[in-house]
Amino acid sequence: MHAVLKMVVQRVALGVLTLLVVSALVFISVEFLPGDVAEQILGQSATPETLAALRDQLGLNTPPVERYFDWLGGILQGDFGQSVISQRPITELLAQRLGNTLSLALLATLISVPLAVGLGILAALKRNTWVDRTINIGTLTAISFPEYFVAYGLILIFSVKLGWFPSISIVSGTVTFAERIHLTLLPALTLTMIVTAHMMRMTRASIINLLALPYVEMARLKGASQRRVVVVHALPNAIAPIVNVIALNIAYMIAGVVIVEVVFVYPGLGQLLVDSVAKRDVTVVQAACLIFASAFIIFNLVADVISIVSNPRLLHRK
Amino acid sequence: MTHPETKAGSVNRRGVLLGGAAVGAAALTGMPNKLYAATPQKGGLLRVAVAQGGSSDTLDPTTFSGSQQIFLGWTLRNNLTEIGSDGALKPELAESWSSDDAQTWVFNLRKGVEFHNGKSLTADDVIASLNMHRGEDSKSGAKSLLASVESIVSEGAHAVKITLTGKNADFPFILSDYHFNICPVNPDGSVDVSGTGTGGYILEEFNPGVRTRVRRNPNYWKANSAHFDEGEVILINDPTAATNALVTGAVHAIESSEYKTLALLGRRPNIHVESVPGGFHGTFAMNSAAAPFNNNDLRLAMKYAIDRQAIVDTVLKGHGVVANDHPVSPSMPYHDASIEQRAYDPDKAKFHLKKAGHDSLTMQLSVSDGLYAGATDAVTLYREHAGPSGLDIQVVREPGDGYWSDVWMKKPLFSGSWGPRPVPDMILTTAYASSADWNEGAFSNARFDELLLAARGELDEAKRGEMYGEMQRILSDEGGSIIPFFRSYVYGRNTSIAHSGQLGSDWPLDGHRAMERWWTA
């Protein structure tokens, strides 16, 4: 365990450093965008005097470096600050959106992971038969289509023609659990179609790799059924690479679903981020990007821990 | 002179004939088979999708800019004056107003009106609501609209006297602007901008950027308005998502329908596409203060080189009318229909180009897709139209992000767009007076400025008509902007929702007042 603990601590420290770098980069990028928050708020009705008044009011006249460190200081004290535009505390703004994004990612994960691993195992067992080829072609086609194409396709079939699901997923605080599932099923299916191929192919490849090893042959000779050989003997050793891919995809589902959110009008973090960048609301952009970066770091960490724990050689290193 | 109701439309014979023809045409082509119920029915829910706004929107009128805020503003609150579906100015919270000299105005407030929290409407609320847009520190986008106001005082609890620094016969129109919602004033003098108002609907849940819910105000003072029991305003920025929502019945009406899917949308039995003539126009602005566009012959050449009808037919799919290089649309008062409509004439264009001293000229016209649907197509067409005359217009596509800060009014030739205004004075003062902040074409004409000032204070309708006519002529013949079309508002509505048959031309969704004007069919 000691090795694992040491690794976790190291990774967390590295993660914090990464977050620092990410926040600085995001801040610089938003500064370089043309126009600023004041111009965005007032839009076409901006005149030089109202712009100056607004900038003063929003505290934009202090130099960028100073603003960045002010903000950093606030974060270290647990205060994410306020939205530059609406003056509302960011924590309340993000909390609901983050909750929505996580619930969508969770639903998509619950559908896609068993599906992908199952299909991967099936494809590995029946490799080079038509079952294997069909699964491969199907999932690779799904991942090759652009997200919005898949999204619109699903909307056309399930929403417009069949009318089973709504085409917009407006999830607000007052929906029941069942309603939430009903509203978010189409976006979750879209995400599933996009991430399945990667996980399926990795599962298939790892298992095929392992099925060629002597100990598997031994298990077969002992009379173990096909299912037992795969699930009990081969799969545990295949976990490391599979978990890595799953972690990567889950992190993607949290951070990369802007298009799906826009098409389904789903009130998640992605849409908030696009909105805030367009409005140059720096503090919200910062907070959202930090969350995305953290998601990647955390999930990668979890994947690494699972890989080590599942591999006795790494776990009990001398 | 007392004006309980000022008609904005022209009331001469030509106007009546044209209006009658339009109604007839609309009856033949526009209205669906269903006859509108004469009496609106109470009850039901209206779910509307608006297109502009974000999660950082608040209900503070000084920050109002997108349609989410404008629509909610008029759902929850009222102004002093209102532009009706017929385009005429109507009393709203001000039941009458008067002025002897167009400089000092007295507005008499309706009595017995209550805000949603039970507080009665008084002059103090009106004064505070208007004052938040004025003053040195105000960041309101409407500050310039009230720049000519010298003082606002109460005359008793139910009258407000507004004194201007100069004459302005259109002042009551200005108070109908979406910024000037009347909000209650708090005991400490600050204005309560949380959404409490005198309007037809009370705020239940405000989740800007996602969904806002309202319920009917049982105490609403306005007769024959606010028929739905509940309402929802959803923000959908993406036009395809909005269309999907309309088609699947998730929303009853959307703010704007895309041209390319209009034909398909219209074929659906439960959707009706509204097309309302309006004053929105796109412009191609030339910087007339510097070479080469400081030469009027070159400007005329550019104006003759564009086929306006082709742009209306191709880009707007017929949902618009041709314009004559000035911003006073046919639906605005004082529109001078006697000015000959400039037509596409490549020979005249070539002639003026030669007179300006060029055989051919290459120039770059900037445009952004975000200006209006089809903006880039319009410019591409213009390029094709202008080619034969020797004008080589190169299309420069600029990113929408930052267009207003980097391109608009910074480059010598660029595209612009303007929303409608109820009266000519507002658009002419905002964009064509030589001292205007937003004088796109850098237009400067002493006679024009003189007429603008004189017409603003002139109370005699005939004289005003003449002055505005002359101003339109000046802009058409010498102005720095090419204005090819006035666009109609095109938006889809579910046939389970009905309205009076006449839709406001100032904003989409019946002047952004659909919540109180429409009802369940």
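Described below are features of the structure shown in this document. (Residues numbered from 1 in each chain as written. Chains lettered and ligands numbered in written order. Predicted model: local features only at pLDDT ≥ 70, side-chain atom pairs only at ≥ 80, totals over all residues.)

A word on unusual backbone geometry. Residues and elements named next belong to chain B. Here the amide bond leading from Ala 291 into Pro 292 is cis, since omega sits at -5 degrees, within 30 degrees of zero. In this model, Asn 224 sits at a positive phi of 55 degrees, which is unusual for a non-glycine residue. Within the element layout of this structure, Asn 224 appears in the loop between strand E9 (211-216) and strand E10 (230-235). For Asn 224, a count of 11 C-beta atoms within 10 Å translates into the label exposed. A positive phi is found at Met 409, a non-glycine position, where the angle reads about 60 degrees. Residue placement: Met 409 occurs in the loop between helix H11 (403-406) and strand E16 (413-418). (Helix = DSSP H or I, 4+ residues; strand = E, 2+ residues; numbered from the N terminus. Buried ≥ 20, exposed ≤ 12 C-beta atoms within 10 Å, placed from the backbone.)

Residue and element names in this part refer to chain B. Burial within strand E17 (residues 481-494) is extensive, with 13 of its 14 residues counted as buried. Of the pairings in the sheet, the one linking strand E12 (residues 271-286) to E17 comprises 11 bridges and is antiparallel in character. Along E17, the bridge assignment pairs Ala 285 with Ser 481. The sheet contact formed by strand E13 (residues 320-322) and E17 spans three bridges and is antiparallel. When the sheet's bridge partners are listed, Gly 320 is paired in E17 with Arg 487. (Pairing = 2+ DSSP bridges.)

On to the nonpolar core, then. Taken as a class, soluble globular proteins show a tendency for nonpolar side chains to be buried jointly. Grouped together as the largest cluster of nonpolar side chains are 121 residues, with contacts concentrated most on A:Ala288, B:Val48, B:Ala49, B:Ile236, B:Ala245 and B:Val251. When neighbours within four sequence positions are excluded, B:Ile236 is seen to be in contact with A:Ile168, A:Val265, B:Ala49, B:Ala51, B:Ala241, B:Ala242 and B:Ala245. Formed by 48 residues, the second largest nonpolar core is a distinct cluster that contains B:Trp97, B:Ala123, B:Phe173 and B:Met467. (Core = buried A, V, L, I, M, F, W, Y, C linked by C-beta atoms within 7 Å. Contact = placed C-beta atoms within 7 Å.)

Right, let's get into the interface of chain A and chain B. Each partner contributes to the interface: chain A provides 33 residues, whereas chain B provides 31 residues. Put simply, the parts of the chain that give the side of chain A that touches chain B at least two residues each are helix H2 (37-42), helix H3 (48-58), helix H7 (147-161), helix H11 (258-264) and helix H12 (269-279) of chain A. The residue makeup of the side of chain A that touches chain B, split by class, is 17 nonpolar, 12 polar and four charged. (Nonpolar A, V, L, I, M, F, W, Y, C, P; charged D, E, K, R; others polar.)

Residues and elements named next belong to chain B. Judged by how many residues are buried, E10 sits mostly within the fold: five of six residues are covered. Sheet analysis places strand E1 (residues 45-50) next to E10, joined by six bridges and oriented parallel. Counted as the bridge partner of Ala 49 is Ile 234 from E10. Relative to E10, E9 is paired through five bridges, and the arrangement is antiparallel. Across the sheet, the residue bridging to Arg 215 is Glu 230, located in E10.

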